[in-house]
Amino acid sequence: MISPVTWVSALLAGIFSVHIAQKMRFPYFWKDFFYLLKVIRYGIRLEIYKRTKRVVTVIDRFVQQAAEIPNKTFLIYEGVSYTYEEIDKRSNKVAQVFAERGTVKKGDTVALLMSNEPDFVCVWFGLSKLGCSVAFLNINIKSRSLLHCFNCCGAKLMVVGADLLDTLEDILPNLQEDSISVWAMKKETAYPGVNTLMDKMEEASDKPVPAKLRGITCLKTPNLYIFTSGTTGLPKAAVITHLQSLKAAAGFWAYGGTSDDVIYTPLPLYHSAASLVGIGGTIEMGATCVLKKKFSASQFWNDCKKHNVTIFQYIGELCRYLCNQPKGENDKQHKVHMGVGNGLRQDVWREFHRRFGEIRMCELYGSTEGNLCFMNHIGKIGAVGRSNFFYKLLFKYVLVRYDMVRDEPVRNKQGFCEPVRRGESGLLLSKIGPQSPFFGYAGSKQLTEKKILRDVFAKGDAYFNTGDLMAEDDEDFISFKDRVGDTFRWKGENVATTEVTEILGLVDFIQEANVYGVEVPGNEGKAGMAAIIVRPDFKFDGKKLFDHAVRDLPTYARPLFIRLQESMEMTGTFKQQKFQLVASGFNPSTITDPLYFLDYSQKCYGPLTTSAYESILGGQCKL
C-alpha cells in the first residue's frame, strides 16, 4: 500500500514539474493572464455603460474623486499644490462664466490654445462640464495651420493662454472676420475685440453647473479633438470619443498603478499622451500629477526626488536627453519605479537602466486617431507591445507585405493583401468593427477615407492603415520598424511631408520639393530633409529659405538638410520617389548633389561640408 507521504511527494513533484514546464514553454503565462483579467474587467465596465446608457465619463470620474478625496493633491505645478476640490471649483468658475453669458452651449466645440499649466486643465474641465467638445491646439503651429484647424473642428470660440496671446496678433483679424470669439486668460488686454477670462472668473460662483449638461448616453459621443499631422497635408482633427478617453485613462491602472503613485508629466497637454493617459490616468486612480510646463533634462531628477515621483511619462527622445546628462553619484537614488511612453530605442533603454536603475519601462503603441493599442506589460527591451491568443480574438490586426519602392501594400493576383511571416516586417493594419471602431477626422470624410484600406482580404472589408511597419516575433512581442508614406517623426512630433512641401513651394526660387525623413545617428526618429529643384533663371538662396522656414514652420517640421537636384524621380504611380533618397541619407562624401544644412548660428542654410557633417554626427552641432 502506498503511504500518504508518497502520494504527497508525488503530487508536489507533479506540481513542480508542471511549473517548470510552464516556465519553459510559457514563461509569460501568469503575467499575460493577470494583465488580460484587467483588460476584460475594464471592458466589462465599458460594456455596462454601453448597454445601460449610463456612461461615467472621465469628467464624471473627476467630480466623483473631488467629492471623495477633496483634500488630496491632484496637481503640482511649479512647486504649488492644487487639490482635487480646488481644481473642481476653479473649473466650475470657468463653466459659470460661459454659462451666464450664453457664449457656448452643449454640443459646441471650443478651441484651447494653452501651454502646460493648471488652468489648461481647469478650462478643459469647465467646458466639458457644459457639454462642450474641446479642441486642443498645438502651440507650435503657425498662422496658416492654425486657421485651418478652426475650419476642421468648427470651433467658434477660442481660449488662449496669457503667454500665447501675442502669437495670434497676425491672425486676430482673420479670426474676427470668421466670427470666432477669442478669450484670453488675462485680466486685461490691449487687443481690440479680445475678451478676458481671468477677471470674470474671480467674480464667478464656484458652484457646479447642472450635471445634466455634461451627461451622455453614448460612448461614441465626441468630447475632444486632438490635432495630428497624420499622413498628409495640414493638421487633422482626430475625433476623440468618450470611449477612447476612458480606454486611455486606464493605462496606468493596467500597468499596476495605484492611488499612491505620483505621476510626472513633462509632455505637452495638447497631445493625447499627456492629456488622455496622463491627466485621465491620474483621475482614474485618484493619484497625483506633477505637471511640468516644459521638459527640462537638468531639472528632471531633482523634480522627481522633490515630489517623490513614482511614475513618469516619456517619449524616446526624453530618455536619451536624460542619458546624455552628466553622470552623478546619486543617479539611482529616487523613488521612480515605472516609466510609461513610447519610442524608446533599445540602446537608450539599456543605458537608462544602467544609469538610473531597473525602472520598469512600459512601452505602449497607438496613434491618437487609431483603433488599436499595444502595451508591453512584460517590459521586454525593444518591444512596443505584446499580443497573445486571447488578445487576437478581441482585436483583429494583421501585418501585410509592403513595397517600399512603390510606397504601397503588395497585392496578389486576386487583388488582396498578403500577410507576412513571423519575424518579417509588415504594414500594421487593424480591422474596423464594433470592437475596434475608427472615428476618423472632423471636417472631411475624404481625410478619414484616406486612412482606411479596403478589400484587404475579402471584398468589402475595411482596415485602419496605421502607416507603420512592425514585426511580431515567435513570443508574440511587437516591435516598431519604420514609418511609411508621407510622414515621419522628429522631436516627438509627427511631420507631414505634404504640408512642409506646400510651405517650401511658396519660396520663389523653388520649382519642386520632395520632403522626407533621414536617420541621424544618436537621435530618435528622422530629421527632415528636402530634395528641391531650383527654377530656371533663379539661384538657391539659403538666407531666404531659412527666413521662410523659421517664419512659417514649427521647429520640428523645418527641413534640417537640403539636397539640390536637376530632376525628381517618380514612382510607377506618379508619386515622388522617396525610398532611394531616404536610403542615401545626407553624407556629402557619398552624394554628388549639392547639400545644405539648417545653420541657426549663421541664420541660413549653409553648405554641408564634410567637417559640418562630422560635427553633426559627433554631436558638436546640435540639431
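This write-up is about the structure you can find in this document. These numbers come from a predicted model, not from an experiment.

Criteria and cut-off values
- Residues numbered from 1 in each chain as written.
- Predicted model: local features only at pLDDT ≥ 70, side-chain atom pairs only at ≥ 80, totals over all residues.
- Heavy atoms only, no water.
- Helix = DSSP H or I, 4+ residues; strand = E, 2+ residues; numbered from the N terminus.
- Buried < 20%, exposed > 50% of the residue type's maximum accessible area, 1.4 Å probe, protein only.
- Contact = heavy atoms within 4.5 Å.
- Axes fitted to C-alpha atoms, helices over the stretch in contact; angles between N-to-C directions.
- Parallel < 35°, antiparallel > 145°, perpendicular 65-115°, else oblique.
- Left-handed = near helix turned anticlockwise from the far one by under 90°.
- Nonpolar A, V, L, I, M, F, W, Y, C, P; charged D, E, K, R; others polar.
- Pairing = 2+ DSSP bridges.
- Core = buried A, V, L, I, M, F, W, Y, C linked by side-chain atoms within 4.5 Å.
- Salt bridge = Lys/Arg side-chain N within 4 Å of Asp/Glu carboxyl O.

**Remarks on the environment of Tyr 84**
- The residue Tyr 84 is located in helix α4 (residues 84-101) in this model.
- By relative accessible area, Tyr 84 is classed as buried at 0%.
- Counting along the chain gives 294 residues from Tyr 84 to Ile 378, while the straight-line C-alpha distance between them is 32 Å.
- Not counting the four nearest positions on each side in its chain, Tyr 84 is found in contact with Phe 62, Gln 65, Ala 66, Ile 69, Pro 70, Lys 72, Thr 73, Phe 74, Thr 282, Ile 283, Gly 286 and Ala 287.

**Regarding the packing of α4 against helix α5 (residues 118-129)**
- Where α4 meets α5, the axes come as close as 7 Å, and the angle between the chain directions of the two elements is 55°. In this view, α4 runs oblique relative to α5, as classed from their interaxial angle. As for the relative orientation of α4 and α5, their crossing is right-handed in sense. Across the interface between the two elements, Ile 87, Asp 88, Arg 90, Ser 91, Asn 92, Val 94, Ala 95 and Phe 98 from α4 touch Asp 119, Val 121, Cys 122, Val 123, Phe 125, Gly 126, Leu 127 and Lys 129 from α5.
- Class assignment for the residues of the contact of α4 with α5 results in 9 nonpolar, 3 polar and 4 charged.

**A closer look at the pairing of strand β30 (residues 604-607)**
- Sheet topology places strand β29 (residues 595-599) next to β30; 4 bridges connect them, and they run antiparallel. Each residue of the ladder has a partner; that of Asp 599, found in β30, is Cys 604.
- Here β29 folds back onto β30, and the loop between the two strands holds 4 residues, one of which, Lys 603, carries a positive phi near 55°.

**Some remarks on the nonpolar core**
- Within the largest apolar cluster, 98 residues are counted, with the highest numbers of intra-cluster contacts made by Phe 74, Phe 98, Phe 125, Val 159, Ile 279, Phe 312 and Phe 352.
- For this core, the element with the highest residue contribution is α5, accounting for 7 residues.
- Apart from the residues lying within four places of it in its own chain, the contact partners of Phe 98 are Thr 103, Val 104, Leu 127, Leu 130, Leu 157, Val 159, Trp 183 and Leu 197.
- Counting 73 residues, the second largest nonpolar core, distinct from the first, contains Leu 164, Ile 503, Phe 509 and Val 520.

**Focus on the pairing of strand β5 (residues 157-160)**
- Taking every second residue as pointing to the same face, both faces of β5 are buried, with Leu 157 and Val 159 on one and Met 158 and Val 160 on the other.
- With 4 bridges joining them, strand β3 (residues 109-113) and β5 adopt parallel strand pairing. Its bridge partner lying in β5, Val 110 is registered against Leu 157.
- Both β5 and strand β6 (residues 181-184) contribute to a ladder of 4 bridges, which runs parallel. Bridging across to β6, Val 160 finds its partner in Ala 184.

**Overview of the pattern of salt bridges**
- Enumeration according to the criterion identifies 29 salt bridges in this entry.
- Across the pair Lys 105 and Asp 108 runs a salt bridge, and its minimum N-O distance is 3.3 Å.
- Residue classification places Lys 105 among the exposed positions, given a relative accessible area of 56%.
- Taken together, the shared-partner salt bridges connect Lys 392, Arg 422, Glu 472 and Asp 476 into one network.

**A closer look at unusual backbone geometry**
- Even without glycine at this site, Asn 308 takes up a positive phi of about 55°.
- On the secondary structure map, Asn 308 appears in the loop between α12 (297-306) and β12 (311-315).

**Brief notes about the sheet that holds strand β26 (residues 510-518)**
- Sheet architecture is open: 5 strands sit in the order β26-β27-β28-β29-β30, paired in mixed fashion. Two strands lie at the open edges of the sheet, namely β26 and β30, each paired on one side alone. Across the sheet, the mean angle separating the axes of adjacent strands is 30° when strand polarity is ignored.
- Most of the contacts of helix α18 (residues 542-552) go to β30, to which it runs at about 140°, and overall it touches β26, β28 (561-564), β29 and β30.

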